[in-house]
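Take a look at the letters that make up each chain.
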Amino acid sequence: MTAPILITGGAQRLGLAIAKDLLRQNIPVIITYRSEKPSVTELIASGAHAIHADFATKKGVDACINKVREHTQSLRAIVHNASDWDQESGSDDYDALFNKMMQVHAKTPYRINLALQELLNQPSGFTDIIHMTDFVQDKGSKKHIAYAASKAALHNLTLSFSALLAPKVKVNSVAPALVMFNEGDSEEYRAKALQKSLLQTCPGSSEAVKAVNYLLNSEYITGQTLHLNGGRHLK
Ligand SMILES: NC(=O)C1=CN([C@@H]2O[C@H](COP(=O)(O)OP(=O)(O)OC[C@H]3O[C@@H](n4cnc5c(N)ncnc54)[C@H](OP(=O)(O)O)[C@@H]3O)[C@@H](O)[C@H]2O)C=CC1
Ligand SMILES: Nc1nc2c(c(=O)[nH]1)N=C([C@H](O)[C@@H](O)CO)CN2
């Protein structure tokens, strides 16, 4: 039996799609969730193990690490997906905003990887860490400055952990651009966003599912970034 794959922020959107796909492959799944949602109940009914976790504090990260250790002694992979997409406009506390972005996108994966690295120990084959970063890891973002900096930090963790944990563990970034709209996105926003890439499409969560499966099944990719951006870097 394959050891479980841990997906943080697995209760919605890309994380949920990845979790459902792995369960369909009969791969055991552990998700973390911050807010209670029907999807959590559905995932449990499909065989997933769900851990409530809020990574906003050290206490929350420590509790999650302990709950994973209580549940399993081995992991096939860790997918760091949990994220908030905060922007500077409307904020009156940039210090808190910056800390929040770094906490969830960089410090949490850093802490979890160091604490759980020994669990990525399957007797045969590779194990994986996948960091869900963002196209802006390389480019920055004038509207999401702290967010982009934290995703760049997360990608730098990919570089460090791929060197530290080789040859057993592959560590890679998946860097989406516009992969999935949010429910509240206006038609005007959607039309403008689609124009930012060469392909002018918004593929949905399946693109992230395909990327994660490609990396899990690769035998020669580590320290890399899988860009899911429709050619946005060439516009
Ligand atoms: N969607 C897209 O087009 C793009 C996505 N990405 C990246 O891909 C990943 C998945 O994106 P998407 O599915 O849209 O993500 P979402 O914005 O839907 O967030 C995923 C989950 O992260 C959880 N989360 C946020 N903060 C915390 C926290 N402090 N502790 C625990 N859980 C937390 C949220 O919990 P809750 O339900 O409680 O809010 C949410 O369920 C993210 O890392 C994102 O940055 C990058 C570029 C584009
Ligand atoms: N946690 C999230 N991060 C990001 C989201 C999101 O919905 N949740 N969305 C985006 C956008 O799609 C952006 O890539 C469009 O240019 C970025 N990050």
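What counts as what
Residues numbered from 1 in each chain as written. Chains lettered and ligands numbered in written order. Predicted model: local features only at pLDDT ≥ 70, side-chain atom pairs only at ≥ 80, totals over all residues. Heavy atoms only, no water. UniProt positions renumbered as here; feature names shortened; annotations may be inferred. Near = heavy atom within 4 Å. Polar contact = N/O pair within 3.5 Å; in protein donor to acceptor, adjacent residues only side chain to side chain. Nonpolar A, V, L, I, M, F, W, Y, C, P; charged D, E, K, R; others polar. Salt bridge = Lys/Arg side-chain N within 4 Å of Asp/Glu carboxyl O. Helix = DSSP H or I, 4+ residues; strand = E, 2+ residues; numbered from the N terminus. Buried < 20%, exposed > 50% of the residue type's maximum accessible area, 1.4 Å probe, protein only.

- Under an unreviewed UniProt entry, the name given to the protein is Dihydromonapterin reductase, and the organism recorded is Glaciecola siphonariae.
- Of the protein, the UniProt comment under Function (unreviewed entry) reads exactly: "Catalyzes the reduction of dihydromonapterin to tetrahydromonapterin. Also has lower activity with dihydrofolate."
- Under the UniProt heading Sequence similarities (unreviewed entry), the entry covering the protein gives this text: "Belongs to the short-chain dehydrogenases/reductases (SDR) family. FolM subfamily."

1. So, the site of ligand 2
So, point 1. Close contacts around ligand 2 come from R13, S83, W85, D134, Y147, A177, L178, N182, Y189 and R232, and that covers them all.
So, point 2. Separating a nitrogen atom of ligand 2 from a side-chain N or O atom of D134 is a distance of 3.4 Å.
So, point 3. Between ligand 2 and A177, the relevant distance is 3.2 Å, taken from an oxygen atom to a main-chain nitrogen or oxygen of the residue.
So, point 4. Classifying every residue of the shell around ligand 2 by side-chain character gives 5 nonpolar, 2 polar and 3 charged.

2. Observations concerning the pattern of salt bridges
So, point 1. Here the structure, examined in full by the defined rule, presents 8 salt bridges.
So, point 2. D84 serves as the salt-bridge partner of R34, at 3.1 Å between the closest nitrogen and oxygen. Of the two residues, R34 is situated in the loop between strand 2 (29-33) and helix 2 (38-45) and D84 in the loop between strand 4 (77-80) and helix 4 (94-116); the sequence distance between them amounts to 50 residues.
So, point 3. For R34, a relative accessible area of 46% gives the class partly exposed.
So, point 4. The class for D84 is buried, based on a relative accessible area of 17%.
So, point 5. Of the charged contacts, one joins D128 and K170 as a salt bridge, the two residues approaching to 2.6 Å between their closest N and O atoms. In this pair, D128 sits in strand 5 (residues 127-132) while K170 sits in strand 6 (residues 169-176), placing the two residues 42 residues apart along the sequence.

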